[in-house]
Amino acid sequence: MWKENQQIRPLKSFEAVAFLILGLFLNSIGNGLAVATNMGSAAWTAAATNLENLTHWPKGYFLFFFGFLAVLILTFLTRTFDWRHLLGNLIFLLGFSYLVNFSSNFFHLLLNLSLPWRIGLDLLAIVLIGTGVSITMRVNLITHPLDDLVLYTRFQYFHGNAFLSQMINFIVPMLISLIIWAILGEIKSVNLGTIISFFGLGAIIGWADQYIFPKLIHKNAF
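No experiment lies behind these values; they were computed from the predicted model shown. (Residues numbered from 1 in each chain as written. Predicted model: local features only at pLDDT ≥ 70, side-chain atom pairs only at ≥ 80, totals over all residues. Heavy atoms only, no water.)

### Some points on a nonpolar patch on the surface
No. 1: A surface patch of nonpolar side chains, about 830 Å² in accessible area, is lined by Leu-54, Ile-168, Ile-171, Leu-175, Leu-178, Ile-179, Trp-181, Ile-183 and Leu-184.
No. 2: With eight residues, the single largest contributor to the nonpolar patch is helix 7 (residues 162-184).
No. 3: Summarising the element assignment, Leu-184 is placed in helix 7. (Patch = residues over 30% accessible without salt bridge, like charges linked within 9 Å, V, L, I, M, F, W, Y side chains within 5 Å. Areas by Shrake-Rupley, 256 points an atom, 1.4 Å probe, with all protein chains shown as cover. Salt bridge = Lys/Arg side-chain N within 4 Å of Asp/Glu carboxyl O. Helix = DSSP H or I, 4+ residues; strand = E, 2+ residues; numbered from the N terminus.)

Here's what the structure looks like:
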């Protein structure tokens, strides 16, 4: 939805698609950049990276699986099943998983940078992720199923509080990474950036809601 001069209107088709592509791009590139710096990524991406280290399967497989699992959980919570929405979720998942894999490989040379540069780029990556999530949530044309789940719990259980919904969303992937750490004795993509992401991503999403395309407002999906 677009709000201007106290008037609210639906997004035009080209506007919705443009914002969707922008949000997907920022989210995916941010996740890939965070993985490449090895200074800590968002919790689900970190969990996928550690599962890749454990199984030697591409992290994109696990990112896709996490999303599909979120679809099942959301279907259970809402007691509804929408084939069109599911198809949109799967399309988003495919694009997101591919772009994260591609961008993490593309940026891999960043590991050669000095520590201050990698920390700075990792912080930039977290801002990109939060901004991308904010945009795709507000457009709500097709979204990542995990974002759907966060959006649903944010408004159904946490009175619109993005920080609380993101905190709950990160508990499971953090546990996955910690369990793999206990098994292998090493942990990947969990670092300063993960801690900042864990406590701050919800706040970044809330900030982006207000200051990045502020006329773009949430479409009520549930």
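So that's the structure; there's more coming.
### Structural notes on the side chain of Asn-50
No. 1: Considering the arrangement of structural elements, one finds Asn-50 in helix 2 (residues 43-55).
No. 2: Sequence-distant contacts of Asn-50, defined by excluding residues within four places in its chain, comprise Ser-177, Ile-180, Glu-186, Ile-187, Lys-188 and Val-190. (Contact = heavy atoms within 4.5 Å.)

### Observations concerning helix 4 (residues 83-106)
No. 1: Its 24 residues place the ends of helix 4 34 Å apart at the C-alpha level, agreeing with the 34 Å of an ideal helix rising 1.5 Å per residue.
No. 2: Listing the buried residues of helix 4 in full gives Leu-86, Gly-88, Asn-89, Phe-92, Leu-93, Phe-96, Ser-97, Val-100, Asn-101, Ser-103 and Ser-104.
No. 3: Put simply, Asp-82 is the residue that caps the front of helix 4, since its side-chain oxygen is 3.0 Å from the backbone nitrogen of Arg-84. (Expected span 1.5 Å × (residues − 1). Buried < 20%, exposed > 50% of the residue type's maximum accessible area, 1.4 Å probe, protein only. Polar contact = N/O pair within 3.5 Å; in protein donor to acceptor, adjacent residues only side chain to side chain.)

### Focus on the environment of Val-17
No. 1: Along the chain, the position of Val-17 falls in helix 1 (residues 13-37).
No. 2: Distance from Val-17 to Gly-32, taken between C-alpha atoms, is 22 Å for residues 15 residues apart in sequence.

### Things to note about unusual backbone geometry
No. 1: Positive phi, close to 55°, is recorded for Asn-5, a residue that is not glycine.
No. 2: Residue position: Asn-5 is located in the loop between strand 1 (2-4) and strand 2 (7-9).
No. 3: Under the relative-accessibility criterion, Asn-5 is labelled exposed at 68%.
No. 4: Positioned with a positive phi, Ser-189 is a non-glycine residue whose angle comes to about 60°.
No. 5: By the element assignment, Ser-189 lies in the loop between helix 7 and helix 8 (192-211).
No. 6: Assessed through its relative accessible area of 3%, Ser-189 is described here as buried.

### Thoughts on the environment of Asn-112
No. 1: With respect to the element layout, Asn-112 can be found in the loop between helix 4 and helix 5 (115-139).
No. 2: A residue is classified by how much of its surface remains accessible, and Asn-112, at 64% relative accessible area, is exposed.

### Let's talk about the nonpolar core
Within soluble globular proteins, side chains that are nonpolar tend to cluster in buried spots.
No. 1: Counting residues in each nonpolar core, the largest one holds 33 residues, and the members touching the most others are Phe-66, Phe-96, Phe-170 and Leu-201.
No. 2: Counting only elements with at least two residues in this core, the list comes to helix 1, helix 2, helix 3 (59-78), helix 4, helix 5, helix 6 (145-156), helix 7 and helix 8.
No. 3: Setting aside anything within four residues of it in sequence, one finds Phe-66 in contact with Trp-44, Ala-47, Ala-48, Leu-51, Leu-146 and Ile-176.
No. 4: Core analysis: the second largest hydrophobic core is formed by eight residues, Trp-2, Ala-16, Leu-26 and Leu-216 among them. (Core = buried A, V, L, I, M, F, W, Y, C linked by side-chain atoms within 4.5 Å.)

### Quick notes on helix 6
No. 1: The end-to-end C-alpha distance of helix 6, which contains 12 residues, comes to 16 Å, matching closely the 16 Å that a straight helix rising 1.5 Å per residue would cover.
No. 2: Of all the 12 residues making up helix 6, 10 are buried; the element is thus mostly covered by neighbouring parts of the structure.
No. 3: Regarding helix 6, the residues found buried are Pro-145, Leu-146, Asp-147, Asp-148, Leu-149, Val-150, Leu-151, Tyr-152, Thr-153 and Arg-154.

### Side note on the packing of aromatic side chains
No. 1: Applying the stated criterion across every chain, the model contains 11 aromatic pairs.
No. 2: Here the aromatic rings of Trp-2 and Phe-19 are separated by 6.1 Å at their centres, their planes lie at 25°, and the arrangement is stacked. With Trp-2 in strand 1 and Phe-19 in helix 1, the pair connects residues that are 17 residues apart, well separated along the chain.
No. 3: Consider the rings of Phe-65 and Phe-66, whose centres lie 6.3 Å apart with planes at 55°: the pair is tilted.
No. 4: The ring of Phe-76 has Arg-79 sitting right over it, with the charged end atom 4.6 Å from the ring centre. (Phe/Tyr/Trp six-rings, centres within 6.5 Å; stacked < 30°, edge-to-face > 60°. Lys NZ or Arg CZ within 6 Å of the ring centre and 35° of its normal.)

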